[in-house]
Structure formats: structure tokens, C-alpha cells
Amino acid sequence: MEFHIACIKGDGIGPEIVDSAIRVLGKIGSQFGHEFNYTDVDAGGVAIDKTGAPLPNETLDICKKSDSVLLGAVGGPKWDTLPGHLRPERALLGLRAGLGLYSNIRPAKLFKALLSECPLKEEIVGGGFDMVFVRELTGGIYFGERGRREGKMGPEAYDTEAYSITEVRRIGKVAFELAGKRNKKLTSVDKANVLESSRLWREEMHKLAEEYTDIEYSDMLVDNCAMQIVRNPRQFDVLVTSNMFGDILSDEASMATGSIGLLPSSSLGEGTLGMYEPIHGSAPDIAGRGVANPIATILSAAMMLRFSFNLAKEADAVENAVAKALEEGLRTFDIVGTSGATPLSTARMTQEIMDRI
Ligand code: IPM
Ligand code: MN
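Residues numbered from 1 in each chain as written. Chains lettered and ligands numbered in written order. Predicted model: local features only at pLDDT ≥ 70, side-chain atom pairs only at ≥ 80, totals over all residues. Heavy atoms only, no water.

### Focus on the overall build of the protein
In terms of helices and strands, the protein carries 12 helices and 12 strands. Taking 357 residues into account, the globule formula puts the C-alpha radius of gyration at 21 Å, and the protein, at 20 Å, falls close to it. Along the first, second and third principal axes, the C-alpha set of the protein runs to 60 × 50 × 40 Å. Burial statistics for the protein: of 357 residues in total, 54% are counted as buried. (Helix = DSSP H or I, 4+ residues; strand = E, 2+ residues; numbered from the N terminus. Rg over C-alpha atoms; globule rule 2.2 N^0.38 Å. Buried < 20%, exposed > 50% of the residue type's maximum accessible area, 1.4 Å probe, protein only.)

### As for the environment of Val291
Its location among the elements puts Val291 in the loop between strand 12 (274-278) and helix 10 (295-307). Each residue touching Val291, except ones within four places of it in the same chain, is listed here: Glu16, Ile286, Thr332, Phe333 and Thr346. (Contact = heavy atoms within 4.5 Å.)

### Things to note about the sheet that holds strand 8 (residues 185-190)
Strand order in the open sheet formed by 10 strands is 2-1-3-12-11-4-5-10-8-9, and the pairing between neighbours is mixed. Two strands lie at the open edges of the sheet, namely strand 2 (35-40) and strand 9 (216-221), each paired on one side alone. For this sheet the average axis-to-axis angle between neighbouring strands, irrespective of direction, equals 25°. For strand 1 (residues 2-10) and strand 3 (residues 68-73), the ladder comprises five bridges, and the chain directions are parallel. Looking across to strand 3, one finds that Ile8 is bridged to Leu71. Of the strands in this sheet, strand 1, strand 2, strand 3 and strand 12 are in contact with helix 1 (residues 14-32), which crosses strand 1 at around 165°. (Pairing = 2+ DSSP bridges. Axes fitted to C-alpha atoms, helices over the stretch in contact; angles between N-to-C directions.)

### Thoughts on the side chain of Thr297
Position of Thr297 among the secondary structure elements: in helix 10. By relative accessible area, Thr297 is classed as buried at 0%. Leaving out residues up to four positions away in the same chain, Thr297 has contacts with Ile17, Val18, Ala21, Pro278 and His280.

### Notes on the packing of helix 8 (residues 222-231) against helix 9 (residues 243-256)
It is the contact of helix 8 with helix 9, at a shortest axis distance of 10 Å, that shows an interaxial angle of 15°. In this view, helix 8 runs roughly parallel relative to helix 9, as classed from their interaxial angle. Considering the relative orientation of helix 8 and helix 9, their crossing is right-handed. Of helix 9, the residues touching helix 8 (which contributes Val222, Cys225, Ala226, Ile229 and Val230) are Phe245, Leu249, Glu252 and Ala253. Residue composition of the contact of helix 8 with helix 9, by class: eight nonpolar, no polar and one charged. (Parallel < 35°, antiparallel > 145°, perpendicular 65-115°, else oblique. Left-handed = near helix turned anticlockwise from the far one by under 90°. Nonpolar A, V, L, I, M, F, W, Y, C, P; charged D, E, K, R; others polar.)

Dropping the structure here:
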């Protein structure tokens with residue numbers, strides 16, 4: 001089969017890790033008889049430098065016409081002082097909203113081989129954990145009304161969290177369906193003891209729970225959830241969250257897997273067009289040195305194979321190759337820990353993974 005992929009390498013380590021994913025997809029293509037075509041488009045800091053805008057119209061148009069989007073990372077200190085609407089991060093929000101990608105799947109799984117890299121004690125993580133965040137991605141405080149105004153105590157700034165029943169139900173359905181394909185356990189995260197938007201969120205989730213009677217459903221307040229992730233991560237299967245709570249909790253969970261350099265993500269809407277990116281950022285401190293961990297981006301490509309292209313066997317092949325490389329003790333600098341392994345470069349780790357496909 002033939003697939004068209006819009007490629008946003010972005011800033012910092014973005015180009016290095018996207019190249020790794022492309023090499024891995026090349027190996028899959030030749031082994032399984034598929035053709036992946038790439039169109040490079042700019043977004044983020046590089047786009048600001050070239051065109052003045054973080055998300056040029058042409059980029060969004062090409063993404064819309066593609067079968068899916070592969071993204072490295074955007075942002076960096078160079079653009080940190082720009083006003084909000086001109087920052088590189090705006091490109092991500094514009095892509096998510098412009099492509100209607102409301103459901104962000106972020107698996108946080110502790111590889112057995114990396115048990116010793118997990119900062120939590122062994123009695124807490126036991127044989128590992130495997131949870132998935134289903135994060136709402138096009139609503140909430142990220143997209144609510146915001147601004148500056150004169151308040152009672154002088155000038156102030158505000159951002160608004162708003163959720164419609166429609167938005168809550170559609171992300172809820174994604175989460176219940178996913179839980180049905182896994183261990184049938186769903187935790188909905190909110191702050192219903194304080195926020196009205198969370199009370200509506202909880203009401204709608206409860207209605208869905210009545211439709212999905214085979215799923216063991218529970219509510220959890222976000223502050224408690226932050227604690228439970230480090231106290232007992234093994235209790236979780238699927239978690240469904242608002243945009244902001246999912247942003248924060250998925251970073252917390254990623255650290256418990258050993259490194260943020262390991263975690264992939266997918267963002268999907270109603271169709272099969274998705275955007276796939278590592279959950280980490282552009283890591284300007286190590287950019288251009290060829291040492292970044294390519295695994296999160298390679299696993300994102302695997303999610304693309306599975307969710308956008310319906311190529312489950314191929315996705316398994318990539319995921320198994322990554323697990324094998326880790327089991328054999330191969331490490332990039334961020335996951336060397338106490339293993340005593342020699343850290344591999346980005347290119348070398350990529351090659352080792354390809355060799356195991
Ligand atoms: C993420 C990032 C983004 C977010 C930023 C860069 C806009 O932190 O994908 O988790 O907050 O969604
Ligand atoms: Mn984040």
C-alpha cells in the first residue's frame with residue numbers, strides 16, 4: 001500500500017528524531033511491501049524564522065491532504081519572548097484544532113528491561129505498569145477565552161476552562177472503547193469538588209458508564225491522581241482527562257517509565273488522519289549532538305501504522321524491535337542509569353532497532 005505523510009521536523013532535536021522514525025518506516029516498507037511518501041512542511045520556530053508565522057496556511061493545507069502527520073518537536077529559547085499568538089507552541093494548537101484532533105492517546109508503559117531506570121521503588125512498580133492517558137485535546141482552558149483586563153486588584157490576566165457535553169461525550173467514548181480493548185478499567189480524572197466544568201464532565205462520564213456496563217469505572221480527583229501515579233501506578237489501566245490535566249499527569253507518568261524520551265502519542269479525530277509525535281519537547285540543550293533518544297518518535301510511527309494505516313502487524317514489528325533492543329541492554333544516554341552500558345548515538349540506536357525488525 002502507499003501512504004502520504006506530512007512531515008514536520010520542527011525545532012531542536014526534532015529533525016534528528018524524525019529522521020530516525022523515517023528510517024524505521026523505510027525498513028517496514030521494504031519488508032512488508034509498503035511505500036511511504038513524505039512531504040516536508042514547516043511549523044514552529046523554523047516557520048517563524050522563514051515566514052513570520054508559527055503555522056503557515058500551506059502547512060495546515062498539506063497536513064489536511066495527507067494520510068497522517070509525523071511531528072518531531074517545536075519550540076526553543078530563541079522564540080521564548082514572542083507574544084503568545086506568535087510562539088512556536090501555537091503551531092501545535094493550530095494543528096490540533098485545524099485538523100480536529102480531539103483525542104490524544106499517551107501510553108505510559110514501563111518496559112521490563114528498564115525496571116532499574118524507574119525512579120520508583122521496586123516494591124511499588126513490581127513487574128512494571130502499563131497505563132494509557134486519553135487526553136481531550138481541542139477544548140478546555142487551552143482554547144477558552146483569555147485576555148487581560150482591569151480587575152479589583154489592578155491589571156489581571158485570565159484563561160477560561162469550558163467544556164461542552166458534546167466534547168466530554170466524544171472523548172469519553174474514545175476512552176470507554178479503548179478500555180474495552182484492554183483491561184476494562186477506566187479512571188476519569190477531574191476536579192469536581194471545585195470546578196463546574198468538572199461537574200459536567202463527571203455527569204456525562206457517569207451516563208456513559210451506564211452504557212458501557214462491562215467497564216469498571218471510577219472517578220478520581222486530579223490532585224489525588226497525581227499522588228496515586230507515584231504511590232501505586234499499577235492500579236491504572238485507562239485514564240481519561242481534560243486537556244490540561246492530561247498534559248500534566250502524562251509528564252508525571254512518563255518520568256515513572258524511566259525517561260520522557262520513551263513515550264509516543266497519537267492525536268486523532270473522527271477520521272483516520274492523525275498526528276503522531278513524541279510527548280517530549282525539542283530539548284534545545286542536546287539538539288544537533290546526535291544523542292537524543294529516538295524511541296518515543298519511533299514508537300509514535302508505530303502508532304501511526306496501527307491507528308491511521310490499520311497496519312497492526314507492522315506496528316507490532318516496530319514495538320517488538322524496540323523492546324528487544326532494550327532487553328539486550330542497548331541504551332541512549334538518558335536511559336543508561338546504573339546499567340553501565342555505553343550510551344549509543346541517535347543514529348546507532350535507530351540502526352539497532354531496524355536490525356531487529
Ligand atoms: C504537550 C506539550 C504541549 C501541550 C505544548 C507544547 C503546547 O506540552 O504536547 O504535552 O501543552 O499540549
Ligand atoms: Mn506537555
